[in-house]
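Understanding the architecture of this molecule
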Amino acid sequence: MNTELLGIIATYLLTLAIAIPLGKYLAKVFAGEKVWTDFLKPIENGIFKLSGINPKEEMNWKQHLKALLTINLVWLVYGFFVLLYQDKLPLNPDGNPGMSPDLSFNTVISFVVNCNLQHYSGESGVSYLTQHFVLMFLQFVSCATGIAAAVVLFKAFRDKTSAKLGNFWDFFVKSITRLLLPLSLVVALVLAFNGTPTSYEGKDQFISVQGDTVNVSRGPAAGFIAIKHLGTNGGGWFGVNSAHPLENPSYLTAVVELFAQVVIPIAMVIAFGYFIRRKKLAWMIFGVMTIGMLLLLIPTLSSELGGSPAIAKMGISQTTGAMEGKEVRFGPALSAYWSTVTTIISTGSVNSMHDSTMPLTGVWQLLGMMINSFYGGCGVGILNYFIYLIIAVFISGLMVGRTPEFLGHKVEAREIKIAALVTLLSPFLILAGTAIASYVFTNYGEAAWAVQPKNWLNNPGFHGFSEMLYEMTSSNANNGSGFEGLGDNNVFWNVATGFVLMLGRFLPIIGPIAIAGLLGAKKHIPESAGTLKTDTLTFSLMTFAVIVVLNALSYFPALALGPLAEYFTMLK
Amino acid sequence: MKKYLLQSIRLTAVLLVLLCVVYPLIVAFAGGFSKGNGGGEKITKNGKVVGYALIGQNFSKPEYFWGRPSAVGYNAAGSGGSNKGPSNEEYLAVVSGRIDTLLKYHPYLKKADIPADMVTASGSGLDPNISEQAAIIQIKRVAANRGLTDRAVAELVVKNTEGPLLGMFGPSVINVLKLNLALDELKK
C-alpha cells in the first residue's frame, strides 16, 4: 500500500486509540468521580470564587440555557467592540486597521458560535491582541459551551427521573481546565518545535536568493492553532489556514492537527456511553457515525486521487492526484481525508483549498456539513445526532405501532415538535439563504457594496452557484470552511451569514437540551418485552436511514444545481 | 438573570487572564527554545538571511530549480490559493500556458513527464516543496545553465529529497530553497 494511504489509516487509528480512554476519563470528570487530574481542583475553586459561582448549585434545563445564553451574549458584546477598535489598542505590530462594523459583527458571531467563517484575512485583518483576546479566547469558550451543553443532555439520561441536571458553570469550567487547556498545551508545543512561530514579533523582511524583497507575517500562532483544532473551531492564524507552511509545517504536524480535531468529538460519544451506563448504545452511535464518515471519505479519496479530468486531457501526469490548491508536503490523499473530517466535524480548517477540489468532492464536503453529526463538532455533534435519534424513535414507534420511548422516557408530541423544528431549520436557512444570495447576484449586480454582487463569484457557471451554496451551508453548520473564492467581505454576506450562524448554533443547542430536559423529568418506564430497544443493530440502521432520507430529500435539488451539474458537464 | 449576568462577566474576566495571558506566555516561553527561537526558522547565506526554511520563495532564473506556481506571487504577508474551480475555462487556459512555458525551457520533455504540482498553484501560495518528479524534469536545464554534469545535479536532488514520515507515511518532498542553496555551494 502506498505511503499516502497508510498515513491516513495511521492517523485515524492514532486518534481512536487516544479518544477511547479520553472518553472514559471525561465521563468520570463530569460525573465528579476521582480522576488523576484532580490536582487542578484548587485552580477551579479559585476561578469559581473569583467569579462568585457556587459550582454545587443544581440547575434545571431552563436555568442551564439561561446561563449559557447569558454568557454568550457577554462575549458577543465584548468581542464586537474590541474588534471594531483594534487599531487603537496595543499589540498591533503590523499596524492593521480596525474592522468595519459589519465585518466585526460577522467575525464575533462566527467565533462565538464555534464557526470561524473569517471574512477577513489573518495577516492583514486582525492584531495580535484580537487574535488572542477575542478569537483564541472564543475558540476555547465556544467549544467548552458545546461540551457543557452535551453534558447537560448526558445528565438528563443518567438517572431514572431527574429535573436536576448539575451546574452549567461547573461543566463549562471543567471542560477548559481538565480537557482543552492541557491538551492545547501539548499540541501547541508539538507545533512550536516543528516550526510554528510563538513569539510576539511583528512582520519580518528579507532579501530572497533571487533578490526579491519579501515580507513575512508571523506572530504567536502555535497556541491558537492548537485550540483551533481541539475545539473544532477551524479559524486560522494566517489567511490560508492550515495550508500555510508556518501554520502547518510538515506531514507530522498535519497528523497532529488532524488528530486534534477528531479526538474530542469521538471521545464525547464514548463518554456518553460511560456516563449513562449504556456502553452498547454509545458504540452503536459510534458505528453509525463511522460508517457515515467512510461513505463520504472513500468517494472523496477516489475523486481526488483520480486527478482533474480537464488537466488529464492536457496530457499531464497526475500520479498522486489533483494538485490545484494543495500542498506537496501533504499530498492529495491526506488533503482528501482532511476535507472529509473538517466538514463532517464542524472544524472548517483546511489544508487545501476546497474551491479547487473536484466537483464530486464538493458534493461530499457539502453533505458532510449538511448532516453535521458524523462525529460532529465538540459537544454539538452528539446534540445534532440526538435529534436524528428522536426522529428515528418516533418513526420506528409509528411503524411498529407502539408509543415511542427513548431510554425509558415516553417521547410525546411536544418533544417531536421541537425535533421537527430543529430538523427543518437547517434546510430552511441553507436553501432560503442561497436563494436570496442568488437573487441578489442576478438582480442587484451593481449594488454599491465593498464587493459588488456581480463580482462575488470567483468562478463562472455551476461552480459559482456552489460557492454561494457552500457559504450558507458552512454558516448553518457552524463549520467555517469556504469555497474561498467567494468575495464575502461585504455587508450582504457579513450580515446574512451572521444571522444564519446564530440561528444555526443556538436553536440546535436549545432544542436537544429542551427535549432531554423534558424527557428526563418524565416518569421512568421499566423496560419490557414491548420496549423499542435503541441499542440494537436494527435501530442503528433505522437511524442511518433517517439521516440519509432527511438529507437527501432536503438537499438533492441544490446539490444537483451546483456540484453535480459541474461534474456532468466535465464528463463531456 | 441578573445573577447570571454578573457571574458571566466575572468568569469571562478570569478566563481572559488564564487563556489569553498565562497560556500563550507559557507557549511563547517554551517556543523560545525551538529552532528560530519562536520567530520561524531562518536560513542564512554568507551571514545574511535569504529566506525562511518553511516558506517558499520565487525562483525563475534558469540556473535554479523552480518551485510551484503561486497565486499570490510568493507574498509571505498575504498567503492565498487561486480558488479556481476545476471546470473554469479561464483557469484551464492558465494551466495550459504553464505547460507551454515548461516545454519551452525544457525542450527535452514530453507532456506526460510533467507532474501536476508544476502546473497547479499551491493552496498557500507559499509551498516550499516540489515533488521528486518535479525536480527530476528540471535537472538537465539546471545542469546546462551551470556547466555542471547531469549526474552531479541529480545526486544533489537525491541528497535533498526528504522521504516519508518514519519512512512509512506521506509523500516524499524536496525543499526548493535548500536545494538551490546547495547548488550554489556546489559551484564553488
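Residues numbered from 1 in each chain as written. Chains lettered and ligands numbered in written order. Predicted model: local features only at pLDDT ≥ 70, side-chain atom pairs only at ≥ 80, totals over all residues. Heavy atoms only, no water.

1. With respect to the overall build of chain A
Along chain A, the regular secondary structure elements total 18 helices and 4 strands. Against the globule reference of 25 Å for 572 residues, chain A gives a C-alpha radius of gyration of 23 Å, in line with a compact fold. Along the first, second and third principal axes, the C-alpha atoms of chain A reach 75 × 60 × 50 Å. Here chain A holds 572 residues, and the buried ones make up 67% of them. Taking as baseline every contact in chain A between residues at least 6 positions apart, the subset at least 24 positions apart corresponds to 77%. For chain A, the accessible area works out to roughly 18600 Å², and carbon and sulfur atoms hold 67% of it. (Helix = DSSP H or I, 4+ residues; strand = E, 2+ residues; numbered from the N terminus. Rg over C-alpha atoms; globule rule 2.2 N^0.38 Å. Buried < 20%, exposed > 50% of the residue type's maximum accessible area, 1.4 Å probe, protein only. Contact = heavy atoms within 4.5 Å. Areas by Shrake-Rupley, 256 points an atom, 1.4 Å probe, with all protein chains shown as cover.)

2. Points about the overall build of chain B
Within chain B, the regular secondary structure consists of 6 helices and 5 strands. Shown N-terminal to C-terminal, the secondary structure of chain B runs as helices and strands in the order α-β-β-α-β-α-α-α-β-β-α. Here chain B has a C-alpha radius of gyration of 23 Å; the compact-globule value for 188 residues is 16 Å, and the former is much larger. Taken along the three principal axes of its C-alpha coordinates, chain B extends 75 × 45 × 35 Å. Evaluated residue by residue, chain B yields a buried proportion of 54% over its 188 residues. Accessible surface for chain B amounts to roughly 8300 Å². Of this, 59% is attributable to carbon and sulfur atoms. Each charge class in chain B was averaged separately, 22 positive and 14 negative side chains, and the resulting centres sit 9 Å apart. (Lys, Arg positive; Asp, Glu negative; His and termini not counted. Charge placed at Lys NZ, Arg CZ, Asp CG, Glu CD.)

3. A few points about the packing of aromatic side chains
Within this structure, the stated rule accounts for 32 aromatic pairs over all chains. Look at A:Tyr78 and A:Phe137: their rings are 6.4 Å apart centre to centre, the planes differ by 80°, and that puts the pair in the edge-to-face class. Placement of A:Tyr78 in helix α3 (residues 61-84) and of A:Phe137 in helix α6 (residues 128-158) is noted, with a sequence separation of 59 residues between them. Relative accessible area serves as the criterion here: at 0%, A:Phe137 is assigned to the buried category. Members of the aromatic cluster, connected to one another through ring pairs, are A:Trp75, A:Tyr78, A:Phe137, A:Phe168, A:Trp169, A:Phe172 and B:Tyr4. The cationic tip of A:Arg158 hangs over the ring face of A:Phe275; the distance from NZ or CZ to the ring centre is 4.7 Å. Note that B:Lys140 overlies the ring of B:Tyr108, its terminal NZ or CZ placed 5.1 Å from the centroid. (Phe/Tyr/Trp six-rings, centres within 6.5 Å; stacked < 30°, edge-to-face > 60°. Lys NZ or Arg CZ within 6 Å of the ring centre and 35° of its normal.)

4. Notes on the sheet that holds strand β3 (residues 129-130) of chain B
All names here are of chain B. Here 3 strands make up an open sheet; going across it, the order is β3-β5-β4 and the pairing antiparallel. The sheet is open, and its two borders are formed by β3 and β4 (161-162), each paired with just one other strand. Pairing geometry for β4 and strand β5 (residues 173-175), over 2 bridges, is antiparallel. Following the sheet pairing, Glu 162 is matched in β5 by Val 173. (Pairing = 2+ DSSP bridges.)

5. Quick look at the interface of chain B and chain A
When the parts of a complex come together, some accessible area is lost, and that lost area is often taken as the interface size. Every contact between the two is made by 96 residues of chain B and, on the other side, 104 residues of chain A. Across the chain B/chain A interface, buried area totals approximately 7900 Å², and carbon plus sulfur atoms make up 66% of it. Taken together, the connections running from chain B to chain A amount to 1 salt bridge. Between B:Lys3 and A:Glu57 there is a salt bridge, with the nearest N and O atoms lying 2.9 Å from each other. Inspection of the region where chain B meets chain A yields 40 residue pairs in polar contact (both at pLDDT 80 or more). For the side of chain B that touches chain A, the secondary structure elements donating two or more residues are α1 (2-31), β2 (48-52), α2 (89-105), β3 and α6 (176-187) of chain B. Split by residue class, the side of chain B that touches chain A holds 52 nonpolar, 33 polar and 11 charged. (Buried area = accessible area lost by both parts, 1.4 Å probe. Salt bridge = Lys/Arg side-chain N within 4 Å of Asp/Glu carboxyl O. Polar contact = N/O pair within 3.5 Å; in protein donor to acceptor, adjacent residues only side chain to side chain. Nonpolar A, V, L, I, M, F, W, Y, C, P; charged D, E, K, R; others polar.)

6. Examining the layout of surface pockets
For the largest pocket, the calculated volume is near 610 Å³. Elements with a minimum of two residues in the lining of the largest pocket: α9 (251-275) of chain A together with β5 of chain B. Here the lining of the largest pocket is composed, by residue class, of 13 nonpolar, 7 polar and 5 charged. (1 Å grid on protein atoms, 1.4 Å probe; cavity = no way out; pocket = protein on both sides within 12 Å on 5 of 7 lines; lining within 4 Å. Points joined across faces, edges and corners; volume = space filled by probe spheres on them.)

7. As for the nonpolar core
Nonpolar side chains in soluble globular proteins tend to end up buried together. Ranked by size, the top nonpolar core spans 190 residues in total, and within it A:Phe157, A:Trp169, A:Phe172, A:Phe406, B:Leu15 and B:Leu19 carry the most contacts. Counting 39 residues, the second largest nonpolar core, distinct from the first, contains B:Ile130, B:Ile137, B:Ile174 and B:Ala182. (Core = buried A, V, L, I, M, F, W, Y, C linked by side-chain atoms within 4.5 Å.)

8. Structural notes on the pattern of salt bridges
On inspection of all chains with the given rule, the structure shows 17 salt bridges over all chains. Taking the shortest distance from any N to any O, the salt bridge between A:Asp170 and A:Lys174 comes out at 3.6 Å. Remark: A:Lys174 and A:Asp170 occur in helix α7 (residues 168-192); sequence separation between them is 4 residues, near one turn of the helix. Taking the relative accessible area as the measure of exposure, A:Lys174 reaches 12% and is therefore buried. The salt bridge involving B:Asp184 is made with B:Lys45; its shortest N-O contact spans 3.2 Å. In this pair, B:Asp184 sits in helix α6 while B:Lys45 sits in strand β1 (residues 42-45), placing the two residues 139 residues apart along the sequence.

9. Some thoughts on the side chain of A:Ser303
Residue position: A:Ser303 is located in helix α10 (residues 279-305). By relative accessible area, which is 15% here, A:Ser303 ends up buried.

10. Quick look at the environment of A:Pro309
All names here are of chain A. Residue placement: Pro 309 occurs in helix α11 (residues 309-313). By relative accessible area, which is 36% here, Pro 309 ends up partly exposed. Along the primary structure Pro 309 and Met 358 are separated by 49 residues, whereas in three dimensions their C-alpha atoms are 9.0 Å apart. When near neighbours in sequence (up to four residues on either side) are disregarded, Pro 309 contacts Met 358 and Met 570.

11. Regarding the pairing of strand β2 (residues 213-216) of chain A
All names here are of chain A. Residues of β2 alternate between two faces, with Val 214 and Val 216 buried on one and Thr 213 and Asn 215 left unburied on the opposite face. Sheet analysis places strand β1 (residues 204-207) next to β2, joined by 4 bridges and oriented antiparallel. Within β2, the position partnered with Phe 206 by the bridge is Val 214.

12. A word on α3(A)
Counted at 1.5 Å a residue, the expected span for α3(A) with its 24 residues is 34 Å, and the 35 Å between its end C-alpha atoms agrees. Here α3(A) starts with a cap whose side-chain oxygen sits 3.1 Å from the backbone nitrogen of A:Lys62, and that cap is A:Asn60. (Expected span 1.5 Å × (residues − 1).)

13. A word on the state of the cysteines
Scanning the model with the defined rule gives 0 disulfides over all chains in all. Left unpaired, B:Cys20 is separated from the closest cysteine sulfur, that of A:Cys143, by 15 Å. (Disulfide = S-S within 2.5 Å.)

14. Focus: the environment of A:Asn72
Residue and element names in this part refer to chain A. Position of Asn 72 relative to the elements: it lies in helix α3. Taking C-alpha positions, Asn 72 is 21 Å from Gln 86, a pair spaced 14 residues apart along the chain. In this structure Asn 72 touches Val 112, Thr 145 and Phe 506, once residues within four positions along its chain are discounted. Engagement of the side chain of Asn 72 in a polar contact is seen with the backbone oxygen of Leu 68, the distance being 2.8 Å.

15. Overview of the confidence of the model for chain B
Chain-level statistics for chain B give a pLDDT mean of 93 and a share of 99% at 70 or above. Interface predicted TM-score (ipTM) for the complex: 0.94; the corresponding pTM is 0.95. (pLDDT = per-residue confidence, 0-100.)

16. A few points about the side chain of A:Lys155
All names here are of chain A. Looking at the secondary structure, you find Lys 155 in helix α6. Buried Lys 155, no salt bridge; nearest opposite-charge side chain is Glu 58, N-O distance 5.4 Å. When near neighbours in sequence (up to four residues on either side) are disregarded, Lys 155 contacts Lys 164, Leu 165, Gly 166, Phe 171 and Phe 275.

17. Considerations on helix α4 (residues 139-146) of chain B
Every buried residue of α4(B) is listed here: B:Ile139, B:Arg141, B:Val142, B:Ala143 and B:Arg146. Just downstream of α4(B) lies B:Gly147, where phi reads positive at about 65°.

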